[in-house]
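Descriptive structure summary
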Amino acid sequence: MDIRRRGPDDLGACVRALAEVHHGDGYPVDWPERPREWLSPPALLGSWVAERDGRVAGHIALCRGGPGDAAPGLWSLRTGVPAEGAAVVSRLFVAPAARGRGTGALLMARAVREARDLGLHPVLDVVASDTVAVALYERLGWSLLAAVEQRWGPERVVAVRCYAAPR
């Protein structure tokens, strides 16, 4: 398994893998209108793909925190460090055919290393019902900051769990 920086030519394969994950697991909860743009949000610090046998097997991104991100603020309250000192791990998914090989953990390790190289502390939030992702983060030693509700629209509230990477 090779973890490498995502290039522009990887976006098509990433969108195809993301579609498989969405149809099988419901991630992301709402299919993005423009999935290529969703994979490259404006606050993007970096993104990586897992490649196996020449095919994209997974993806992860690291972003600056934004107004809708609860994890950086919760981490800031816990540590006393300004929220700008955190980086948000996001857009993590592993293609169904590539699961069970440690791909998610390898992608997480790459994003954590990049955050630390930038002098930032990795945090994330995950939909509380995504028990597979929650199990991964907890197995990797991430600390639960809080379980909160986020408003995802005028009539939609979603329960999320916010985590911080181990020190």
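The structure reproduced in this document is the subject of the present report. (Residues numbered from 1 in each chain as written. Predicted model: local features only at pLDDT ≥ 70, side-chain atom pairs only at ≥ 80, totals over all residues. Heavy atoms only, no water.)

**As for the sheet that holds strand β1 (residues 2-5)**
- Overall, mixed pairing links the seven strands, which are arranged β1-β2-β3-β4-β5-β7-β6 in an open sheet. Both edges of this open sheet fall to β1 and β6 (143-153), since each of them pairs with a single strand only. Pairwise comparison of adjacent strand axes, ignoring direction, gives a mean angle of 30° for this sheet.
- Summarising the sheet, strand β5 (residues 121-127) and strand β7 (residues 156-164) pair through five bridges and their orientation is antiparallel. Bridge pairing in β7 links D125 to C162.
- Docked against the sheet, helix α3 (residues 70-79) engages β4 (86-94), β5, β6 and β7, running at close to 145° with respect to β6. (Pairing = 2+ DSSP bridges. Helix = DSSP H or I, 4+ residues; strand = E, 2+ residues; numbered from the N terminus. Axes fitted to C-alpha atoms, helices over the stretch in contact; angles between N-to-C directions. Contact = heavy atoms within 4.5 Å.)

**What about the environment of W75?**
- Mapping W75 onto the fold places it in helix α3.
- Taking the C-alpha atoms as reference, W75 lies 6.8 Å from A164; in sequence the two are 89 residues apart.

**Quick notes on the state of the cysteines**
- For the structure shown, the criterion picks out zero disulfides.
- A disulfide-free cysteine, C63 has its sulfur positioned 14 Å from the sulfur of C14, the nearest such atom. (Disulfide = S-S within 2.5 Å.)

**Overview of the environment of Y27**
- Looking at the secondary structure, you find Y27 in the loop between α1 (11-25) and α2 (35-38).
- In this structure the C-alpha to C-alpha distance between Y27 and V88, which are 61 residues apart in sequence, comes to 17 Å.
- Among all residues touching Y27, those that are not within four sequence positions of it are L18, V21, H22, W38, R91, L92 and F93.

**As for helix α5 (residues 131-139)**
- Buried within α5 are the following residues: A133, V134, L136 and Y137. Projected down its long axis, α5 shows its buried positions confined to an angular sector of 160°, all on one face. In α5, those exposed residues whose orientation departs by more than 90 degrees from the buried face are T131, V132 and R139.
- Contact partners of the buried residues in α5: β4, α4 (103-117), β5 and β7. (Buried < 20%, exposed > 50% of the residue type's maximum accessible area, 1.4 Å probe, protein only. Arc of directions from axis to C-beta.)

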